[in-house]
Amino acid sequence: MTLALAQSDIITVLQTALAPAFLLVAVGGMLGLFAGRLARIIDRSRILQDLFNETEGYEHQCIVDELHDLQLRIKIVNSAIYLSVISAIVACILIGLLFVMGLTGLNLSAVIAGAFIIAMSLLSVALIQFLREVRIGVKDFMIREEYLESHDSNAS
């Protein structure tokens with residue numbers, strides 16, 4: 001009888017732990033995305049650093065401005081990675097707490113709810129940081145006006 005009860009408790013805990021486990025999967029996917037963004041930013045900064053000494057005047061200033069933005073983007077993506085990893089750690093702790101509560105009968109409901117709120121809050125802030133980084137990246141990617149031909153010049 002005790003063995004059957006323990007098995008049913010474990011099954012219930014496993015079912016309950018699925019939500020935080022899905023959170024971990026999502027965070028893992030986001031970490032891959034963030035790491036890819038960081039790699040692309042670093043690659044772009046290396047290219048611009050190589051061009052730094054080869055440019056003068058307006059072109060040089062454009063490179064300096066973009067390097068400043070890339071440095072900011074690196075910091076922002078790094079903070080998104082940091083927040084996501086902390087969120088994943090809290091989700092792991094949450095899963096552990098679910099098992100402790102399910103197997104020992106301790107009432108950890110308030111702690112579990114708090115851990116879930118913390119994990120989701122950290123993930124939300126990480127996504128906000130990602131949004132900030134994307135907006136800066138799009139601004140840097142905008143094609144400068146001097147490279148765009150007006151429709152009027154094509155018609156003549």
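Scroll up to find the structure this text is about.
Residues numbered from 1 in each chain as written. Predicted model: local features only at pLDDT ≥ 70, side-chain atom pairs only at ≥ 80, totals over all residues. Heavy atoms only, no water.

A. Spotlight on the packing of aromatic side chains. One pass over the full model with this rule turns up one aromatic pair. Ring plane angle 40° and centroid distance 5.2 Å describe the contact between Phe34 and Phe130, whose orientation is recorded as tilted. With a gap of 96 residues between them, Phe34 in helix 2 (residues 18-52) and Phe130 in helix 4 (residues 109-141) connect regions that are remote in the sequence. Neither Phe34 nor Phe130 differs from the other in exposure class; each is buried. (Phe/Tyr/Trp six-rings, centres within 6.5 Å; stacked < 30°, edge-to-face > 60°. Helix = DSSP H or I, 4+ residues; strand = E, 2+ residues; numbered from the N terminus. Buried < 20%, exposed > 50% of the residue type's maximum accessible area, 1.4 Å probe, protein only.)

B. Spatial organisation of the packing of helix 2 against helix 4. The N-to-C vectors of helix 2 and helix 4 enclose an angle of 25°; their axes lie 12 Å apart at closest approach. Judged by the inter-axis angle, helix 2 sits roughly parallel to helix 4. Note on packing geometry: the crossing formed by helix 2 with helix 4 is left-handed. Judged by residue contacts, Leu23, Val27, Met30, Leu33, Phe34, Arg37 and Ile41 of helix 2 engage Ala119, Met120, Leu123, Ala126, Leu127, Phe130, Glu133 and Val134 from helix 4. (Axes fitted to C-alpha atoms, helices over the stretch in contact; angles between N-to-C directions. Parallel < 35°, antiparallel > 145°, perpendicular 65-115°, else oblique. Left-handed = near helix turned anticlockwise from the far one by under 90°. Contact = heavy atoms within 4.5 Å.)

C. Up close: the layout of surface pockets. The volume enclosed by the largest pocket comes to roughly 780 Å³. Along the wall of the largest pocket there are 25 residues; nearest its centre are Arg44, Glu66, Gly137, Asp140 and Phe141. Of all the secondary-structure elements, those providing two or more residues to the lining of the largest pocket are helix 2, helix 3 (57-104) and helix 4. When residues of the lining of the largest pocket are assigned to their parent elements, the largest contribution, eight residues, is made by helix 3. Grouping the amino acids of the lining of the largest pocket by side-chain chemistry returns twelve nonpolar, two polar and eleven charged. (1 Å grid on protein atoms, 1.4 Å probe; cavity = no way out; pocket = protein on both sides within 12 Å on 5 of 7 lines; lining within 4 Å. Points joined across faces, edges and corners; volume = space filled by probe spheres on them. Nonpolar A, V, L, I, M, F, W, Y, C, P; charged D, E, K, R; others polar.)

D. A look at helix 3. Between its first and last C-alpha, helix 3 extends 70 Å over 48 residues, near the 70 Å set by a 1.5 Å rise per residue. One or two residues past the end of helix 3 sits Gly105, with phi positive at roughly 85°. (Expected span 1.5 Å × (residues − 1).)

E. Quick look at the pattern of salt bridges. Scanning the model with the defined rule gives four salt bridges in all. The residue Glu133 makes a salt bridge to Arg37 at a minimum N-O spacing of 3.0 Å. Residue Glu133 is located in helix 4, and its partner Arg37 is located in helix 2; the two are separated by 96 residues in the primary sequence. A relative accessible area of 22% places Arg37 in the partly exposed class. For Asp69, the salt bridge is made with Lys139, and the minimal N-O distance between the two is 3.1 Å. Linking Asp69 in helix 3 with Lys139 in helix 4, this pair joins segments that are 70 residues apart in sequence. (Salt bridge = Lys/Arg side-chain N within 4 Å of Asp/Glu carboxyl O.)

Nothing here speaks to function; it is geometry throughout.
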